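Observations on the three-dimensional arrangement
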Amino acid sequence: MERKELFFSLLNKELSKDGFKFVKSKKIFRKKENGNDFFIEYETWPYFFAIKTHYYIFLKEVEKIKKKAWGEIYQRYYTLGDTKQDIEKTDTEKKVIEVAKKEIKFYHSFLKDYFKKNSNYEHIDKTLNEIPGKNLHLSFNEILTSYLAIIVAKLTNNPKIEELFVFYRNVIISLKNEKLFSKTQEEYIDESIVKYDLLVDYLRKMKK
């Protein structure tokens, strides 16, 4: 068995117990639960020299709101996620077995709880909105996190939602004011402000 096959075989044996299915072509383990999708993706180096771990969540209800608010400009993407910063070498069979054990331990000690907590809207609302601005990278960057923050505020009936609408719009505007972006990035921020305003309009009218 090749090192790559061995690695994914060892992980599949464990992760399948919790309902994850291995998508070989994408090197992703995927689990569907309550309409949500959970992903563990392995970025691999040529000749399976090393791996890096990424993990994502697609929250169906959150993405449905974005799609209704934005219409044709909506693009499907993960709702939130992150990357394990360690690059693990897998250039020998011994290392493959060791890294597989580390990844399984990482799943049980962190990822399993991460997926559970971050598919709970009350938890996300508390993480993002109890102290607004404290965590602006739960959903990859400040802009995507701002979208998520106001959506979960609506879904959890956060009484400070109007204040949060103003706060997170200013977060996006402040990125433009920093002038650290290229013209293309400035255009992205301008487009993001338009999308943010569309989202706010939709959430204000939305009945829950």
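Heads up: these notes are all about the structure in this document. (Residues numbered from 1 in each chain as written. Predicted model: local features only at pLDDT ≥ 70, side-chain atom pairs only at ≥ 80, totals over all residues. Heavy atoms only, no water.)

1. What about the packing of helix 4 (residues 121–129) against helix 5 (residues 142–155)?
Between helix 4 and helix 5, whose axes approach to 9 Å, the crossing angle comes to 125 degrees. Comparing their axes, helix 5 and helix 4 come out oblique. Relative to helix 5, helix 4 is oriented so that their crossing is left-handed. Contact with helix 4, carried on its side by Tyr121, Ile124, Asp125, Leu128 and Asn129, involves Thr145, Leu148, Ala149, Val152, Ala153 and Leu155 of helix 5 and no other residues of that element. Residue classes in the contact of helix 4 with helix 5 are distributed as 8 nonpolar, 2 polar and 1 charged. (Axes fitted to C-alpha atoms, helices over the stretch in contact; angles between N-to-C directions. Helix = DSSP H or I, 4+ residues; strand = E, 2+ residues; numbered from the N terminus. Parallel < 35°, antiparallel > 145°, perpendicular 65-115°, else oblique. Left-handed = near helix turned anticlockwise from the far one by under 90°. Contact = heavy atoms within 4.5 Å. Nonpolar A, V, L, I, M, F, W, Y, C, P; charged D, E, K, R; others polar.)

2. Focus on the pattern of salt bridges
Summed over the entire model, instances satisfying the criterion amount to 12 salt bridges. Notably, a salt bridge pairs Glu103 with Lys84, separated by 2.9 Å at the nearest N-O pair. Of this pair, Glu103 sits in helix 3 (residues 93–117) while Lys84 sits in strand 5 (residues 80–89), and the two are 19 residues apart along the sequence. Two residues, Asp113 and Lys117, come together in a salt bridge whose shortest N-O distance is 3.2 Å. Placement of both Asp113 and Lys117 in helix 3 is noted, with a separation of 4 residues, approximately one turn of the helix. Judged by its relative accessible area of 36%, Asp113 falls in the partly exposed class. (Salt bridge = Lys/Arg side-chain N within 4 Å of Asp/Glu carboxyl O. Buried < 20%, exposed > 50% of the residue type's maximum accessible area, 1.4 Å probe, protein only.)

3. A closer look at unusual backbone geometry
The phi dihedral of Asn34 falls on the positive side, at around 55 degrees, and the residue is not glycine. Relative to the helices and strands, Asn34 is located in the loop between strand 2 (28–33) and strand 3 (36–44). Residue Tyr47 is not a glycine yet carries a positive backbone phi of 60 degrees. Examined against the element boundaries, Tyr47 turns out to sit in the loop between strand 3 and strand 4 (50–58).

4. Remarks on the layout of surface pockets
Here the largest pocket defines a volume of roughly 350 Å³. Considering the residues around the largest pocket, the lining is formed by 16 residues, among which Trp70, Gln75, Leu144, Tyr147 and Lys195 are closest to the centre. Listed by contribution, the elements that provide at least two residues to the lining of the largest pocket are helix 2 (60–70), helix 5 and helix 7 (183–205). Ranked by the residues each element gives to the lining of the largest pocket, the list is headed by helix 7, at 4 residues. Across the lining of the largest pocket, the residue classes tally to 7 nonpolar, 4 polar and 5 charged. By volume, the second largest pocket is sized at about 150 Å³. What lines the second largest pocket is simply Asp18, Phe20, Lys31, Glu33, Phe38, Tyr107, Lys112, Phe115, Lys116 and Ser119. Of all elements in the fold, only strand 2 and helix 3 reach the threshold of two or more residues within the lining of the second largest pocket. Examining the composition of the lining of the second largest pocket, we find that 4 residues originate from one element, helix 3, more than from any other. (1 Å grid on protein atoms, 1.4 Å probe; cavity = no way out; pocket = protein on both sides within 12 Å on 5 of 7 lines; lining within 4 Å. Points joined across faces, edges and corners; volume = space filled by probe spheres on them.)

5. Notes on helix 1 (residues 3–15)
With 13 residues, helix 1 ought to run about 18 Å at 1.5 Å a step, and its terminal C-alpha atoms sit 18 Å apart, in line with that. Listed in full, the buried residues belonging to helix 1 are Leu6, Phe7, Phe8, Leu11 and Leu15. (Expected span 1.5 Å × (residues − 1).)

6. Thoughts on the nonpolar core
Counting 63 residues, the largest nonpolar core has Phe7, Ile40, Phe115, Tyr168 and Leu199 as the members making the most contacts within it. Counting residues per element, this core draws most heavily on helix 5, at 10 residues. (Core = buried A, V, L, I, M, F, W, Y, C linked by side-chain atoms within 4.5 Å.)

7. Some words on the pairing of strand 2
Across 3 bridges, strand 1 (residues 21–23) lies against strand 2 in antiparallel orientation. Bridging across to strand 2, Lys21 finds its partner in Arg30. Hairpin connection between strand 1 and strand 2: a loop of 4 residues separates the two successive antiparallel strands, and Lys27 in this loop has a positive phi of roughly 55 degrees. Pairing of strand 2 with strand 3, which is carried by 6 bridges, proceeds in the antiparallel orientation. Residue pairing in the sheet places Lys31 in a bridge with Phe38 of strand 3. The turn joining strand 2 and strand 3, which pair antiparallel and follow one another in sequence, is formed by 2 residues; a positive phi near 55 degrees is taken by Asn34. (Pairing = 2+ DSSP bridges.)

Taken by themselves, the reported measurements are silent on function.
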